[in-house]
Amino acid sequence: MPGEAMHKKGADGAQRAKRWLDATTRTRASWTNEDEVAGGRLEFNWPHAGQEPYSFDVGGFLYGQPFDNHSFMAEVKNYSGDNLGNDYDDFLAKCYLTWRDNTRWANQFMFLTWHPFRIKTWTQLRDPDAIIKGCVANRRRLFGVDDEVEARAHVDNSLIDELKNRLWLVVLSEKQEQLLISDQDRALIVSSRIEKGLM
């Protein structure tokens, strides 16, 4: 897929994911990485390999317990293909780095996709071994090393234990999107919260 078409598909996916998240009525605020002001809150740099930038696609603040006022960052994949597993490894390394170096910026990390992947290991995708695998796969950018064993030695297992409970995997579908709460009904819920002083 040409770069411009891929960008449009990615931007469409980010907007659709944002709409779905907002429709849950569990966000206080949300934005995409294309937002002129808030988009910069989703941008970071790898510490090694040229300190290339990376960003998440959607971010914001959650509403209601047990995640009230938690900030979230989400990666959105609006396509199918064999690369989704590799994209997920990259996501895990980004989450590890962001949690390690910027804990004030994000409390929850979400991977939203319209296409399931790694079906045989789906139930283990948030396990410590999966997170470590993602970090090792990105060892040059994350730790500045080439050797896998050396990279594993750099992984902070206490961070992995904290991170595993902050990861979300969400599979959406076009049919499911037709069941979203309407903007008018969501406005009634939000205005009711404002009247009660909850927002």
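Predicted model only: the values in this text are computed from it and were never measured.

Next up on the list: the overall build of the protein chain. If you tally the helices and strands in the protein chain, you get eight helices and seven strands. Taking 16 Å as the expected radius of gyration for a compact globule of 199 residues, we find that the protein chain reaches 17 Å, a close match to that expectation. Counting across all 199 residues of the protein chain, residues that qualify as buried make up 42%. Looking at the protein chain alone, contacts between residues at least 24 apart form 69% of all its contacts between residues at least 6 apart. Looking at the protein chain as shown, the accessible area adds up to about 10900 Å², and 48% of this sits on carbon and sulfur atoms.

Here we take up the pairing of strand β5 (residues 71-77). When you tally the buried positions in β5, you get seven out of seven residues, the bulk of the element. Every second residue of β5 is oriented toward a common face, with S71, M73, E75 and K77 on one face and F72, A74 and V76 on the other, all of them buried. Sheet analysis places strand β4 (residues 58-62) next to β5, joined by four bridges and oriented antiparallel. From the neighbouring strand, G59 faces β5, where its bridge partner is M73. Handedness of the crossover joining β5 and strand β6 (residues 108-113) through helix α2 (residues 84-101): right-handed.

We now examine helix α3 (residues 128-137). Within α3, the full set of buried residues consists of A130, I131, I132, G134, C135 and V136. Those residues of α3 that are buried lie in contact with α2, α4 (139-142), α5 (148-154), α6 (157-163) and β7 (167-171).

All right, on to the packing of aromatic side chains then. Under the criterion given, the structure shown has 15 aromatic pairs. Residues Y54 and F56 carry aromatic rings whose centres are separated by 6.2 Å and whose planes lie at 75° to one another, so their mutual orientation is edge-to-face. The exposure classification of Y54 matches that of F56, with both residues buried. Taking the centre distance of 5.4 Å and the plane angle of 50° together, the rings of Y88 and F117 count as tilted. Taken together, the positions of Y88 in helix α2 and F117 in the loop between β6 and α3 put the pair 29 residues apart, joining distant regions of the chain.

With an omega of 5°, the peptide bond between Q65 and P66 qualifies as cis. Inspection of the secondary structure assignment puts P66 in the loop between β4 and β5. One non-glycine residue with positive phi stands out, namely N69, at about 70°. Positionally, N69 belongs in the loop between β4 and β5. Judged by its relative accessible area of 46%, N69 falls in the partly exposed class. With phi around 45°, R118 is a residue other than glycine that occupies positive phi space.

Here we take up the pairing of β6. The buried count for β6 comes to six of six residues, which makes it a mostly enclosed element. Judged from the six bridges that link them, β5 and β6 form a sheet pairing that is parallel. The residue bridging M73 from the neighbouring strand is F109, located in β6. Strand direction decides the pairing type here: β6 and β7, joined by five bridges, are parallel. Across the sheet, F111 pairs through a bridge with L169, a residue of β7.

Before going further, it helps to spend a moment on the side chain of T98. Among the structural elements, T98 can be located in helix α2. On the basis of relative accessibility, which here comes to 0%, the residue T98 falls in the buried class. Beyond its immediate stretch of four places on either side in the chain, T98 contacts F44, Y54, F56, M73, T103, A106 and F109.

What counts, and at which threshold
- Residues numbered from 1 in each chain as written.
- Predicted model: local features only at pLDDT ≥ 70, side-chain atom pairs only at ≥ 80, totals over all residues.
- Heavy atoms only, no water.
- Helix = DSSP H or I, 4+ residues; strand = E, 2+ residues; numbered from the N terminus.
- Rg over C-alpha atoms; globule rule 2.2 N^0.38 Å.
- Buried < 20%, exposed > 50% of the residue type's maximum accessible area, 1.4 Å probe, protein only.
- Contact = heavy atoms within 4.5 Å.
- Areas by Shrake-Rupley, 256 points an atom, 1.4 Å probe, with all protein chains shown as cover.
- Pairing = 2+ DSSP bridges.
- Right-handed = clockwise from strand over helix to strand, strands pointing away.
- Phe/Tyr/Trp six-rings, centres within 6.5 Å; stacked < 30°, edge-to-face > 60°.

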